[in-house]
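What the coordinates show
Chain residues, written in single-letter form:
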Amino acid sequence: MTNYDITVIGGGNAALCAAITAAEAGARVLILETAPKPYRGGNSRHTRNFRCAHDGPLGPLVESYGENEYLDDLLKVTAGNTDEKLARLAIRSSEECLPWMEAHGVRFQPSLSGTLSLARTNAFFMGGGKSLVNAYYRTADALGVDVLYEAHVTHLELSGDRIARIDYTHQGDDHSIEPTAVIVASGGFQADTDWLARAWGPAAKNFLIRGTPYNRGVVLADLLDQGIDSVGDPTQCHAVAIDGRAPKFDGGIVTRLDCVPFSIVVNKQAERFYDEGEDVWPKRYAIWGRLVAAQPDQVAYVIIDSKSLDLFMPSVFPPLKADTIENLAGMLGLPLAKLCETLDAFNSACGDTSAFHPTELDGVTTTGIAPAKTNWARPINTPPFYGYSLRTGVTFTYLGLKVDETAQCFNATGPIRNLWAAGETMAGSILGQGYLAGFGMTIGTVFGRIAGREAAAYAN
Amino acid sequence: MRTDLIQEARRQAEICNACRYCEGYCSVFPALHSQRAFAEGDITQLANLCHNCRGCYYACQYTAPHEFDLNLPKALAEVRRDSWESLAWPQPLAKRFHTQGGAIAMALVAGFALMFLAIRAVGSAGGDGFYAVLSHSAMVALFAPALLLPLFSIGLSLRAYWRMVDGRPLTLADLNAAFNRAAHMTDLAAGHGEGCNFEDEDRFSQSRRYAHQAILYGFLLCFAATCAGTILHYLFNSPAPYPFWSLPKLLGIPGGALLTLGCAWMTWLKLKSDRTLGDPRAWGGDIGFTLLLGFTGLSGLMLFAVGDTAWMPGMLALHLGAVLTFFLLMPFTKMAHGFYRTAALLRNAQRYRE
Ligand SMILES: Cc1cc2nc3c(=O)[nH]c(=O)nc-3n(C[C@H](O)[C@H](O)[C@H](O)COP(=O)(O)OP(=O)(O)OC[C@H]3O[C@@H](n4cnc5c(N)ncnc54)[C@H](O)[C@@H]3O)c2cc1C
Ligand code: SF4
Ligand code: SF4
């Protein structure tokens, strides 16, 4: 085997940005990706955009989006749980990322239909994240980066302040290499539902994983076991409410359901449990993951009527449809009497709906029931009726490796001289809770490039 | 139309409608995203808007082995061919050629045979040049119906297509918008202008677009050459053969060369492409058609090259046989795509303004 200067663990956005940057700096780079080729690219293959600061129109982005506004947006969603220095670094660097991405094969498109609100802040990849990943693999290949698929890293041997050895399996055999420098870009641990269950309790077994089944946190656990500094709350994960019929893994974007604001949501006992109309859906869909997780069997049911069917983006599975509530209750497996009672109470709590406006907080509210529905509260009484089941879909976990502004990892005695981390696996260093759409790819791109640059400088 | 193919394309279209990541690639996606439910006519229209660039296949996170098993280029290619077959007239011929290159080859041999026979039976009736081999009136008697009948057949099919996709009466603006796109093959460039993912997995390349341009413009030049010849013949009383510095030759020689090279290039690209991303059953018919078209161009050039030698009559029979076969098969081969695609672009232009 060739002697590589740098081994990159993982094959998603962060790994590829690191590998390309290092190879351009003259390093010989090997990528170890545990997934087979058709599933390469981790969660990055499911993404659609990245959030990018810009001073004036840039590529597909309109107007401008300054560093401070970006940071404010971030602080709002993380409730201050943010490392401001690293966050500013990511935000400031994001502007130069866009041209860098284009120069390395990524193509952008105007904001997708239904996402106009993001046209200023988020640059959409043409064809989505998988085409981004494809472009980077082509670029990396042209730079001489070698890629091993189905190469599953099991252990990094820490010896003093260096990683001395990487153990991995490939095609059924065990292999080891002694790397000069290592970049860990192998994502979070959300696909390991046992680990999730240890952190969350047994309810987590019922969660669906929105992205790749390959991010099982093997390398993360291995490094944490050896005393590498960690960051982030192990019990935290980013979770949204998705269609309950979604596959266990890799359902991706199409399983999201945008109809909650126009619905009532009940648990399996046919009881409402939260204000469905609290805010516009993009601002609320993340909390519904937790709300559903707290219900019996971690499942809930959305019910709308024909008035609302065309008000939201279609999702992958058609809703269950029935001409009467009785039939719908049967199809959803809900207790009929209780469902009728809940629905009657809700319908009679609805008042004047003339101000109904689907895309704005319209103040069309219920009176006299708990929980109230504070916007878009129209009675559900116009057949046919439609129902979806909802489950908790985990996007990523927050526990990760703690890094500094050079993406380097540490333990109690100081920096690990030849170990860097990028992407999801160190994102906890920047934000400890909440999430801002498009920030994951920003972190991966910025810190991937930093890690690639630093590792190459070390190796040369 | 085959409901199983429509249903499979519909299933995939509904997934795309929830995803939208490919919106920038081509006209299919904006058209798709403007709807929520897809009737048979909607799916047929989408299928005829697609030109099988495969960008959306390689970009898709849901291709096999994922359980959603997306392969939109294939699903739409199958509906497309099925729509051409189902709408073709007369029906007994409709399903013979799209899936069978062999049938196209046999038709070609029959075309050759017919020409040799005509040459022997009718002969020159005293003309010069080509007409010394086969008289002008015999050629007209053969080729006028061989062109007009297929055009009539295609006209019937397009009318049925227009009904199926709820087309409205055409306006000048529709024509303008659609021909602009077709002339530049805007869609073949993909949204970012870097071409198709055809011959080398997800690498973008202009090869297919350029090969197609060569074929299209080569074909149009050859057709213009024939028209020029007809005009010279009837209006200026100047019958073939024409010298090199004449309109029919100046149009026909580059046209024939472009057509021949374009078809060879396209065949080579098709051989390198992944058959499972198109309509696998139409593979043979597509290759057969491309070779037939290429041979039509090549035999025309050869006819010019052999000049007035003893080879000329044989070459003339081969060339005319190829032209005849090509014309007669137009409604039943890949050639139909040009007509349907134009209709689909027209309908799409209308929908934007509805
Ligand atoms: C459905 C969905 C949509 C999203 N949309 C967006 C979006 O639009 N914008 C945005 O910014 N963020 C989005 N995110 C979040 C985003 O996906 C992540 O922030 C980002 O992809 C992280 O990149 P990464 O390179 O760190 O990890 P990943 O892309 O997940 O890559 C991790 C890689 O490591 C490999 N790996 C794991 N373990 C091992 C091992 N032991 N040995 C070898 N290799 C290993 C995996 O196979 C994978 O290739 C989305 C997430 C999901 C699930
Ligand atoms: S082809 Fe795949 S990635 Fe493209 S829009 Fe359809 S589902 Fe989305
Ligand atoms: S194959 Fe190309 S033209 Fe057809 S739908 Fe996909 S992207 Fe559009």
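Residues numbered from 1 in each chain as written. Chains lettered and ligands numbered in written order. Predicted model: local features only at pLDDT ≥ 70, side-chain atom pairs only at ≥ 80, totals over all residues. Heavy atoms only, no water.

A word on the overall build of chain A
Helix and strand counts for chain A come out as 10 helices and 20 strands. On C-alpha atoms alone, chain A measures out to a radius of gyration of 23 Å, which is about the 23 Å that the 2.2 N^0.38 rule sets for 460 residues. Expressed as lengths along the three principal axes of its C-alpha atoms, the size of chain A is roughly 75 × 50 × 40 Å. Intrachain contacts of chain A at a sequence separation of at least 6 include 73% that bridge at least 24 residues. About 16500 Å² of surface is accessible on chain A, with carbon and sulfur atoms providing 50% of the total. (Helix = DSSP H or I, 4+ residues; strand = E, 2+ residues; numbered from the N terminus. Rg over C-alpha atoms; globule rule 2.2 N^0.38 Å. Contact = heavy atoms within 4.5 Å. Areas by Shrake-Rupley, 256 points an atom, 1.4 Å probe, with all protein chains shown as cover.)

Side note on the nonpolar core
With 102 residues, the main nonpolar core has Ile6, Phe50, Met101, Leu156, Leu419, Phe439 and Phe447 of chain A as its most contacted residues. Sorting elements by how many residues they give to this core places helix H10 (residues 439-459) of chain A first, with 10 residues. Those residues in contact with Leu419 of chain A that lie beyond four places of it in its chain are Leu156, Ile163, Val182, Val184, Leu223, Ile228, Ala407, Gln408 and Cys409 of chain A. Core analysis: the second largest hydrophobic core is formed by 51 residues, Ala9, Ala13, Ile15 and Ala47 of chain B among them. (Core = buried A, V, L, I, M, F, W, Y, C linked by side-chain atoms within 4.5 Å. Buried < 20%, exposed > 50% of the residue type's maximum accessible area, 1.4 Å probe, protein only.)

Details of a nonpolar patch on the surface
Residue and element names in this part refer to chain B. On the surface, Val140, Ile231, Tyr234, Leu235 and Phe236 cluster together to form a nonpolar patch covering roughly 540 Å² of accessible area. Top element by residues in the nonpolar patch is helix H11 (residues 207-235). It accounts for 3 residues. Structurally, the position occupied by Val140 is in helix H9 (residues 136-164). (Patch = residues over 30% accessible without salt bridge, like charges linked within 9 Å, V, L, I, M, F, W, Y side chains within 5 Å. Salt bridge = Lys/Arg side-chain N within 4 Å of Asp/Glu carboxyl O.)

Re the site of ligand 1
Residue and element names in this part refer to chain A. Neighbouring ligand 1 are 37 residues, the closest being Glu33, Ser44, Asn215, Glu424 and Met441. A distance of 3.4 Å separates an oxygen atom of ligand 1 from a polar atom in the backbone of Gly42. Protein contacts shield 97% of the accessible area of ligand 1, which totals 990 Å² for the unbound molecule. Of the residues that constitute the shell around ligand 1, the class distribution is 11 nonpolar, 22 polar and 4 charged. (Near = heavy atom within 4 Å. Polar contact = N/O pair within 3.5 Å; in protein donor to acceptor, adjacent residues only side chain to side chain. Nonpolar A, V, L, I, M, F, W, Y, C, P; charged D, E, K, R; others polar.)

Observations regarding helix H7 (residues 101-121) of chain B
All names here are of chain B. The terminal C-alpha atoms of H7, which comprises 21 residues, lie 30 Å apart, in line with the 30 Å expected from a rise of 1.5 Å per residue. The set of residues buried in H7 consists of Gly101, Ala103, Ile104, Leu108, Gly111, Phe112, Met115, Ala118 and Ile119. Tucked inside the fold, the buried residues of H7 contact helix H8 (130-133), H9, helix H13 (283-306) and helix H14 (312-329). Looking one or two residues beyond H7, the residue adopting positive phi is Gly123, at roughly 70 degrees. (Expected span 1.5 Å × (residues − 1).)

Re H13 of chain B
If you check H13 of chain B, its first and last C-alpha atoms are 34 Å apart, about what 24 residues at 1.5 Å a residue would give, namely 34 Å. Downstream of H13 of chain B by a residue or two, Gly307 of chain B has a phi angle that is positive, lying close to 55 degrees.

A look at the packing of aromatic side chains
This structure, assessed with the given rule, holds 32 aromatic pairs over all chains. Aromatic pair Phe396 of chain A and Tyr435 of chain A: ring centres 5.1 Å apart, planes at 70 degrees, arrangement edge-to-face. Pair noted here: Phe396 of chain A is in strand S17 (residues 385-397) and Tyr435 of chain A is in the loop between strand S20 (414-421) and H10, with a separation of 39 residues, a long-range link. Look at Phe396 of chain A and you get buried, because its relative accessible area is 6%. Tyr435 of chain A sits in the partly exposed class, given a relative accessible area of 27%. Three or more aromatic residues joined by ring pairs make a cluster, and in this case those are Phe219, Phe223, Phe289, Phe326 and Phe327 of chain B. The cationic tip of Arg378 of chain A hangs over the ring face of Phe356 of chain A; the distance from NZ or CZ to the ring centre is 3.6 Å. (Phe/Tyr/Trp six-rings, centres within 6.5 Å; stacked < 30°, edge-to-face > 60°. Lys NZ or Arg CZ within 6 Å of the ring centre and 35° of its normal.)

Side note on the sheet that holds strand S1 (residues 6-9) of chain A
All names here are of chain A. The mixed open sheet is built from 6 strands, whose spatial order is S6-S2-S1-S10-S20-S19. The two strands at the open ends of the sheet, each matched to only one other strand, are strand S6 (146-148) and strand S19 (408-411). In this sheet, neighbouring strand axes are inclined to one another by 30 degrees on average, regardless of whether the strands run parallel or antiparallel. Helix-sheet contacts for helix H1 (residues 13-24) involve S1, strand S2 (29-32) and strand S10 (181-184), and the interaxial angle to S2 is about 170 degrees. Packing of H10 onto the sheet brings it into contact with S1, S10 and S20, and relative to S20 it is tilted by some 120 degrees. (Pairing = 2+ DSSP bridges. Axes fitted to C-alpha atoms, helices over the stretch in contact; angles between N-to-C directions.)

Here's the deal with the packing of H7 of chain B against H13 of chain B
Packed helix pairs are characterised by how far apart their axes lie and by the angle those axes make with each other. All names here are of chain B. Where H7 meets H13, the closest approach of the two axes is 7 Å, and the angle between their N-to-C directions is 30 degrees. Viewed along their axes, H7 and H13 adopt a mutual orientation that is roughly parallel. Contacts from Gly101, Ile104, Leu108 and Phe112 in H7 reach Gly284, Gly285, Gly288, Phe289, Leu292 and Phe295 in H13. Within the contact of H7 with H13, the residues separate by chemical class into 6 nonpolar, 4 polar and no charged. (Parallel < 35°, antiparallel > 145°, perpendicular 65-115°, else oblique.)

Points about the site of ligand 3
Within the structure, ligand 3 sits among Tyr25, Cys26, Val28, Phe29, Cys50, His51, Asn52, Cys53, Arg54, Cys56 and Pro73 of chain B. Here the residues of the shell around ligand 3 are counted per class, giving 8 nonpolar, 2 polar and 1 charged.

Some remarks on the sheet that holds strand S9 (residues 173-177) of chain A
Residue and element names in this part refer to chain A. Ordered by their spatial adjacency, 3 strands build an open sheet running S7-S8-S9, and the pairing between neighbours is antiparallel. Two strands in the sheet have a free side with no partner beyond their single neighbour: strand S7 (151-159) and S9. Neighbouring strand axes in the sheet, compared pairwise and without regard to direction, differ in orientation by 20 degrees on average. Here S7 pairs with strand S8 (residues 162-170) via 8 bridges, running antiparallel. Of the residues in S8, the one forming a bridge with Ala151 is His170.

Overview of the interface of chain B and chain A
Facing the 30 residues of chain B at the interface are 37 residues of chain A. The junction of chain B with chain A conceals about 2800 Å² of combined surface from both sides, 51% of it contributed by carbon and sulfur atoms. Scanning the region where chain B abuts chain A turns up 5 salt bridges. When the shortest N-O distance is used, the salt bridge between Asp200 of chain B and Arg138 of chain A registers 3.5 Å. Residue assignment for the side of chain B that touches chain A shows that the elements contributing at least two residues are helix H1 (3-19) and helix H4 (55-58) of chain B. Here the side of chain B that touches chain A gets 4 residues from one element, more than from any other, and that element is H1 of chain B. When its residues are assigned to classes, the side of chain B that touches chain A shows 13 nonpolar, 8 polar and 9 charged. (Buried area = accessible area lost by both parts, 1.4 Å probe.)

Section: the domain arrangement of chain B
Residues and elements named next belong to chain B. Domain assignment breaks chain B into domain 1 (3-84) and domain 2 (88-353). Taking only C-alpha atoms into account, the centre of domain 1 sits 28 Å from that of domain 2. A buried area of about 3000 Å², summed over both sides, lies between domain 1 and domain 2, and 54% of it is on carbon and sulfur atoms. On the domain 1 side of the contact with domain 2, Tyr58, Arg81 and Trp84 bury the most area, a combined 27% of that side's loss. Where domain 1 packs against domain 2, one counts 1 salt bridge. Between Arg81 and Asp279 there is a salt bridge, and its shortest N-O distance comes to 2.6 Å. In this assembly, domain 1 and domain 2 are joined by 14 residue pairs in polar contact (both at pLDDT 80 or more). (Domains from an automatic or database assignment.)

Some words on the pairing of strand S15 (residues 299-305) of chain A
As a general feature of sheets, a regular strand has side chains that alternate between the two faces. All names here are of chain A. Taking burial as the measure, the 7 residues of S15 include 7 buried ones, the bulk of the element. Residues Val299, Tyr301, Ile303 and Asp305 point to one face of S15 and Ala300, Val302 and Ile304 to the other, with burial holding for every one of them. With 4 bridges joining them, strand S14 (residues 264-267) and S15 adopt antiparallel strand pairing. The residue of S15 that forms the bridge with Asn267 is Ala300.

Re the state of the cysteines
Applying the stated criterion to the full structure yields 0 disulfides over all chains. Cys97 of chain A provides the cysteine sulfur closest to Cys17 of chain A, a residue in no disulfide bond, and the two sulfurs are 7.3 Å apart. (Disulfide = S-S within 2.5 Å.)

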